[in-house]
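Listed below, chain by chain, are the residues.
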Amino acid sequence: MSPPVAPPGWSRWLVPPAALSVHLSIGQAYAWSVFKPPLESALGLSGTQSALPFQLGIVMLGLSAAFGGTLVERNGPRWAMTVALVCFSSGFLLSALGAAVEQYWLIVLGYGFVGGIGLGIGYISPVSTLIKWFPDRPGMATGIAIMGFGGGALIASPWSAQMLESFGGDSSGIALAFLVHGLTYAVFMLLGVLLVRVPRTEKPVGSGPSVLTGPQVSANQAIRTPQFWCLWIVLCMNVTAGIGILEKAAPMITDFFADTSTPVSVTAAAGFVALLSAANMAGRIGWSSTSDLIGRKNIYRVYLGVGALMYALIALFGDSSKPLFVLGALVILSFYGGGFATIPAYLKDLFGTYQVGAIHGRLLTAWSTAGVLGPLIVNWIADRQEEAGRHGASLYGMSFVIMIGLLVVGFVANELVRPVHPRHHIPAPREAAHVRRQQSESA
């Protein structure tokens, strides 16, 4: 499938909505918890078992983005969005079959493995194209799209809950809900497939400087640079710190104030989770746009430095002040979302636009690592503290100290980032020939 070239007069502002249609769809992954209780009840699963599809999906997101990044660069955004559509929707259809016949392994295979491939390919599908259309504002452009992934759960959570209430929480009701998800998301993602375009020339009309201005580095060369691995550490530490709160948000706020005169109700805890999702989404566009003004290294200094300060304040005073706890958590989650949205622009600054999508895909293995590391730290320590007879905020003190340490490690790694050595740059003639070949194949 050839990348569709924009006709004369095509507005670059049509590309972010195309990206949003994909990211809002695959952002359903953050709403998986809605299906956990009915699956546990209908199929007799434990909490650990019901989390498997989500965990496998995040692992496959990182792996498919890493291994499929070069193919996305080579074949273009329409091919990538089509693959994402087929895999993500097929994952739901397989899950529907698994729920209907009460075979949980089919749900794990469908949602986790097949759907996870759709998550990874879909997540990176618009990144390179957006940066090429918006070289003057790459942080804002990628923030708009990646905002959709953070905000997808705001749509999917109430929608899924309503379907389960209407269809029933038994296996047949769950199967029908999965089926509706698969078909609806296929139609919605198709809008992005049909709408997306790549620039006709190296310099999109009205977009500022040439797309290929500055040093360019291939994906294979990028992973040989210390800059890539410094950013890998930066992303992994920032994501781990965010997931440390996000994955256990409702029980965490309940535990923190369980021994006070104003305990947190189940409804209030659910509202807290919704607030965190909103902060996650807002951070993706707000902080990434700010990075266009103050620079990528400076914005990551804020994410990591201020994030460590917020964790310290929650650990020291969070159980005595609900506003402080909520505000600190919201700031950390906004940094979590902002980190995802800013990293493609940071990569573009260091490695150019030549294969930035493929480089981004390989960097997302840091997300897979953090997706396992963050919940493991918080849950394992909380379990050990509970076994030792502790309760309330003391369940999380040690894990918060670890999160502060990880953010400091990320802060140091960010400080070590320097411009890429010229020996890793692609010679200009080879780069130009590559671009001309891509354009001739697209015409």
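In the annotation of an unreviewed UniProt entry, the entry for the chain reads Major facilitator superfamily protein, and the organism field reads Streptomyces azureus. In UniProt, the chain has this text filed under Subcellular location (unreviewed entry): "Cell membrane".

> Explain helix H12 (residues 249–256) to me, using residue names and the numbers behind them.
The set of residues buried in H12 consists of Ala 249, Met 252, Ile 253 and Phe 256. On an axial view of H12, the arc spanned by its buried residues comes to 90°, and they lie on one face.

> Explain the packing of helix H11 (residues 226–246) against helix H17 (residues 365–387) to me, and be specific about the residues and the numbers.
The relative placement of two packed helices comes down to the angle between their axes together with the axis-to-axis distance. Between H11 and H17, the shortest axis-to-axis distance is 8 Å and the interhelical angle comes to 35°. Crossing geometry of H11 relative to H17 is assigned as right-handed. Facing H11, whose interface residues are Trp 232, Leu 235, Cys 236, Val 239, Thr 240, Ile 243 and Gly 244, H17 presents Thr 365, Ala 366, Trp 367, Thr 369, Ala 370, Gly 371, Leu 373, Gly 374, Pro 375, Ile 377 and Val 378. For the contact of H11 with H17, a count of residues per class yields 12 nonpolar, 6 polar and no charged.

> Hey, could you go over the nonpolar core for me, with residue numbers and the actual values?
What tends to happen in soluble globular proteins is that the nonpolar side chains get buried as a cluster. Ranked by internal contacts, the top residues of the largest apolar core, which has 114 residues, are Tyr 123, Phe 178, Phe 256, Phe 340, Phe 351 and Trp 367. In terms of residue count, the dominant contributor to this core is helix H15 (residues 322–351) (13 residues). The residue makeup of this core includes at least three contributed by each of domain 1 (12–195) and domain 2 (219–424). For Phe 256, the contacting residues outside a window of four places in its chain are Ile 314, Gly 318, Asp 319, Phe 325, Ala 393, Tyr 396 and Phe 400. Counting 11 residues, the second largest nonpolar core, distinct from the first, contains Val 15, Ala 19, Ile 144 and Ala 145.

Each value, and the rule that gives it
Residues numbered from 1 in each chain as written. Predicted model: local features only at pLDDT ≥ 70, side-chain atom pairs only at ≥ 80, totals over all residues. Heavy atoms only, no water. UniProt positions renumbered as here; feature names shortened; annotations may be inferred. Buried < 20%, exposed > 50% of the residue type's maximum accessible area, 1.4 Å probe, protein only. Helix = DSSP H or I, 4+ residues; strand = E, 2+ residues; numbered from the N terminus. Arc of directions from axis to C-beta. Axes fitted to C-alpha atoms, helices over the stretch in contact; angles between N-to-C directions. Left-handed = near helix turned anticlockwise from the far one by under 90°. Contact = heavy atoms within 4.5 Å. Nonpolar A, V, L, I, M, F, W, Y, C, P; charged D, E, K, R; others polar. Core = buried A, V, L, I, M, F, W, Y, C linked by side-chain atoms within 4.5 Å. Domains from an automatic or database assignment.

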